[in-house]
Amino acid sequence: MDTAPSAQPLTTTPATPHRRRVATAAALASAVEWYDYFVFGIAAALILGDLYFPAGSSTAGVLAAFATFAVGFLARPIGGIVAGHLGDKRGRKPMLVLALTLMGVATTGIGLLPTYETIGVAAPILLVLLRVAQGVAVGAQWGGAMLLATEYAPEGKRGVYGSVVQLGVPIGVVTANSVFLLAGALTSESAFAAWGWRVPFLVGVLVLGLAWYIHTRVEETPEFREAEKALAEQEKSEQSSPLRTILRHHLGTVLLAGGSFAVNTATFYILITGVLDYTTRELDMNRGAVLTVSLCVSLTQLVLIPASAALSDRVGRIRIYALGAVGIALWAVPLFLLIDTGSLLWLAVGTFVASCFLSIMYGPQAALFAELFTPEMRYTGASLGYQIAAVGGGGLAPFIMVLLLEATGTSMAVSGYIIGLAVIALLSIKVLADRARSR
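Residues numbered from 1 in each chain as written. Predicted model: local features only at pLDDT ≥ 70, side-chain atom pairs only at ≥ 80, totals over all residues. Heavy atoms only, no water.

### Examining a nonpolar patch on the surface
Residues V105, W195, V199, V203, V205, L206 and L208 make up a contiguous nonpolar surface patch of about 600 Å² in total accessible area. Turning to its location among the elements, V199 is positioned in helix α9 (residues 199-202). (Patch = residues over 30% accessible without salt bridge, like charges linked within 9 Å, V, L, I, M, F, W, Y side chains within 5 Å. Areas by Shrake-Rupley, 256 points an atom, 1.4 Å probe, with all protein chains shown as cover. Salt bridge = Lys/Arg side-chain N within 4 Å of Asp/Glu carboxyl O. Helix = DSSP H or I, 4+ residues; strand = E, 2+ residues; numbered from the N terminus.)

### Here we look at the pattern of salt bridges
Counted under the stated rule, the structure contains six salt bridges. Here R317 ties to D313 by a salt bridge, and the two come within 2.7 Å at their closest N and O atoms. Using a relative accessible area of 4% as the deciding quantity, one classes R317 as buried. Taken together, the salt bridges that share partners define one network made up of D277, R281 and E282. (Buried < 20%, exposed > 50% of the residue type's maximum accessible area, 1.4 Å probe, protein only.)

### Some thoughts on the packing of aromatic side chains
Per the counting criterion, the structure on display carries seven aromatic pairs. When the centroid spacing of 6.2 Å and the interplanar angle of 70° are considered together, the rings of F261 and F369 count as edge-to-face. Linking F261 in helix α13 (residues 251-282) with F369 in helix α16 (residues 344-371), this pair joins segments that are 108 residues apart in sequence. Accessibility expressed as a relative area gives 0% for F261, which makes it buried. On the accessibility criterion, F369 (1% relative accessible area) is buried. Ring pairs connect the aromatic residues F261, Y362, F369 and Y386, which therefore count as one cluster. Just above the ring of F192 sits the side chain of R287; from NZ or CZ to the centre is 4.7 Å. (Phe/Tyr/Trp six-rings, centres within 6.5 Å; stacked < 30°, edge-to-face > 60°. Lys NZ or Arg CZ within 6 Å of the ring centre and 35° of its normal.)

### Looking at the confidence of the model for the protein
Predicted confidence across the protein gives a mean pLDDT of 83, with 89% of residues reaching 70 or more. For the protein, per-element mean pLDDT is lowest for helix α11 (residues 222-236), which scores 61, and highest for helix α15 (residues 317-339), which scores 96. Note that residues 1-15 has pLDDT below 50 and, in this model, 52 contacts with residues that lie over four places away or in other chains. (pLDDT = per-residue confidence, 0-100. Contact = heavy atoms within 4.5 Å.)

### Thoughts on helix α10 (residues 207-217)
Every buried residue of α10 is accounted for by V207, L210, A211 and I214. In a view along the axis of α10, the buried residues occupy a sector of 105°, so they form one face of it. Here the buried face of α10 lies against α1 (19-52) and α3 (92-112). (Arc of directions from axis to C-beta.)

### Comments concerning the side chain of Q365
Tracing the backbone through its elements, the reader meets Q365 in helix α16. Classification of Q365 by relative accessible area gives buried; the value is 0%. Setting aside chain neighbours within four positions, we find Q365 in contact with W142, Q166, F261, Y321 and Y386.

Here's what the structure looks like:
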């Protein structure tokens, strides 16, 4: 039995010659958006603290940079709410195009931003504002890209089609790490600090071309066009606010969705940013080698994410999703025991296994969240659930990791943090499964 909770069975998507084009466009939109978002996390771990928050110790600079990194997550619900509301009323495509445009402008702006040494306190202020813009953009993007893919999916393949959007995360990580590795290899330490780190941000301007392509070549989803009839009736009765409907009648589902996914986002950002800082600053490991390990591990997700999504189409979303959460909880302690050896080999083993469990959860997540809500409120509901998890988990995770390490002197405190979030995830998943069975 498929125990995936569903507010209402999704309608069969009619056959369309644009299906593959839409899936490809959604995947590319997700990949370039996440690339732009992740380059900030890598830069925060490597260089931004010294350039924009120079006062105090190196730890204080890293904390300030990671705090700015977290600000982007706090802004993500704003993007999810605004784009969700308008996306449920006016369409998925316009909000996705707007999100891509905002991200391209903000990321390019960071690449051009003068440092503290040049313009003083205005530099960190502008950096924070541009990071907020990135957060709003990525908060708006996920729901639009996910719904373009899943609402065009043929019956029985919604998990697989949703996973093409999820692939944007490992593709973004691989690309961001590759560009940073290339920039570091082609420049000296002084040149990298002066201008080499800016190159990965300036590449973000290419996202504007993709936004134009989606605007001109991709059609609105069939399920939204069908839902427009219901929306028209709601507007006549002055009950046309998807956000109001979600907050009044489905807030519990949104919070459960967020609670179920926070451990995934927290562990993910600990791996790609927190561990990068920890291994290079505390364990004195080589920056390029650690980035290479992160890149190679992310490549494995390109196989694991669609595989777990395809399996969820056969045996149910909840079963696969819960399996990933259990794995994360069980691996949290071995993960940091391996990292603490200071060995690249054991770092690779530890992060690879953790990445496998993250992929098992992440593959079916897009389809699972889409199936929690009806088309008239799906953009709003799914986006809110995802962004709540991003704030509660991912945004603060690297910052909390540094605080825990400084306060306790042991990485086991970070393992305890991950386990705590995993317990919340499993409790949330159980409630969602119980609700599905009751229906």
